[in-house]
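Chains, contacts and geometry: an overview
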Amino acid sequence: MKFESNSVEETIEFGKDYAPNLKAGDVVCLEGDLGSGKTHFVKGIASFFDIEAEKVSSPTFTLINEYAGAIPIYHFDCYRLKTEQEALEIGIEEYLYGDGISIIEWPSKIKGLIPEDAIQIEISHQGESKRSIYILDRS
């Protein structure tokens, strides 16, 4: 599935439109350059699950933000991690195999810990405000 976004609002709305495809236990991997719109996409997913989009922020310095909603959302930013061991030390496996939806920005930093059935999403710049969002099939 591919989607073209022309604004932050469209990226958020696409996240919200995609969210009904998700269930507890899912792991969503978001790849994209800095500023590509990964966190805006998460805002859309969160809003579908009754979490105020304004409460969603990038966990760049905290590594994880937890959001309580209809289904808990665990939002990771692995950009600053140097090793997979660091992710294990914060208990990432409990989240990945837990009762919520785990959304991971920069999953390539912890590639060996990602479940095989994780949903892969790539967001890329196509211009100043235009983004391409590509969701790879789970199969």
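Along each chain, numbering runs from 1 in the same order as the chain's sequence is written. The model is predicted, so local features are restricted to residues of pLDDT at least 70 and side-chain atom pairs to those at 80 or more, both for listing and for counting; the totals for chains, interfaces and linings are taken over all residues. The side-chain quantities take in all heavy atoms of the structure and omit both hydrogens and water.

1. A word on the environment of leucine 34
- Note on placement: leucine 34 falls in the loop between β2 (27-31) and α2 (38-48).
- Burial classification: accessible surface area is computed with a 1.4 Å probe over protein chains only, and a residue below 20% of its type maximum counts as buried, one above 50% as exposed, and the rest as partly exposed. With a relative accessible area of 57%, leucine 34 lands in the exposed category.
- Separated by 45 residues in sequence, leucine 34 and tyrosine 79 have C-alpha atoms that sit 9.6 Å apart.
- Any two residues whose heavy atoms approach within 4.5 Å at even a single point are treated as in contact. Apart from residues no more than four positions distant in its own chain, leucine 34 is found in contact with Tyr79, Trp106 and His125. To qualify as a helix, a DSSP run of H or I must reach at least 4 residues; to qualify as a strand, a run of E must reach at least 2; elements of each kind are numbered from the N terminus.

2. Section: the pairing of strand β5 (residues 101-105)
- Extensive coverage of β5 is indicated by the burial of five of its five residues.
- Taking every second residue as pointing to the same face, both faces of β5 are buried, with Ile101, Ile103 and Glu105 on one and Ser102 and Ile104 on the other.
- In the sheet, β2 pairs with β5 via four bridges, with the strands oriented parallel. If you follow cysteine 29 over to β5, its bridge partner there is isoleucine 104.
- Paired strands are those between which DSSP finds at least two bridges. The sheet contact formed by strand β4 (residues 73-77) and β5 spans five bridges and is parallel. Looking at β5, one finds that histidine 75 is bridged to isoleucine 103.

3. Concerning the layout of surface pockets
- If you add up the space inside the largest pocket, you get close to 160 Å³.
- Cavities and pockets are defined on a 1 Å grid built over the protein atoms alone: a cavity is a set of grid points where a 1.4 Å probe fits but cannot escape, while a pocket is an open set with protein on both sides within 12 Å along at least five of seven lines, and lining residues are those with an atom within 4 Å of any such point. What lines the largest pocket is a set of 13 residues, among which Gly35, Lys38, Thr39, Ser58 and Glu105 lie closest to the centre.
- A per-element tally of the lining of the largest pocket places α2 first, with three residues.
- Side-chain classes follow a simple rule in which Ala, Val, Leu, Ile, Met, Phe, Trp, Tyr, Cys and Pro form the nonpolar group, Asp, Glu, Lys and Arg form the charged group, and the remainder, Gly included, forms the polar group. The residue inventory of the lining of the largest pocket, partitioned by class, reads three nonpolar, seven polar and three charged. Grid points are joined across faces, edges and corners, and a volume is the space filled by probe spheres set on the points.

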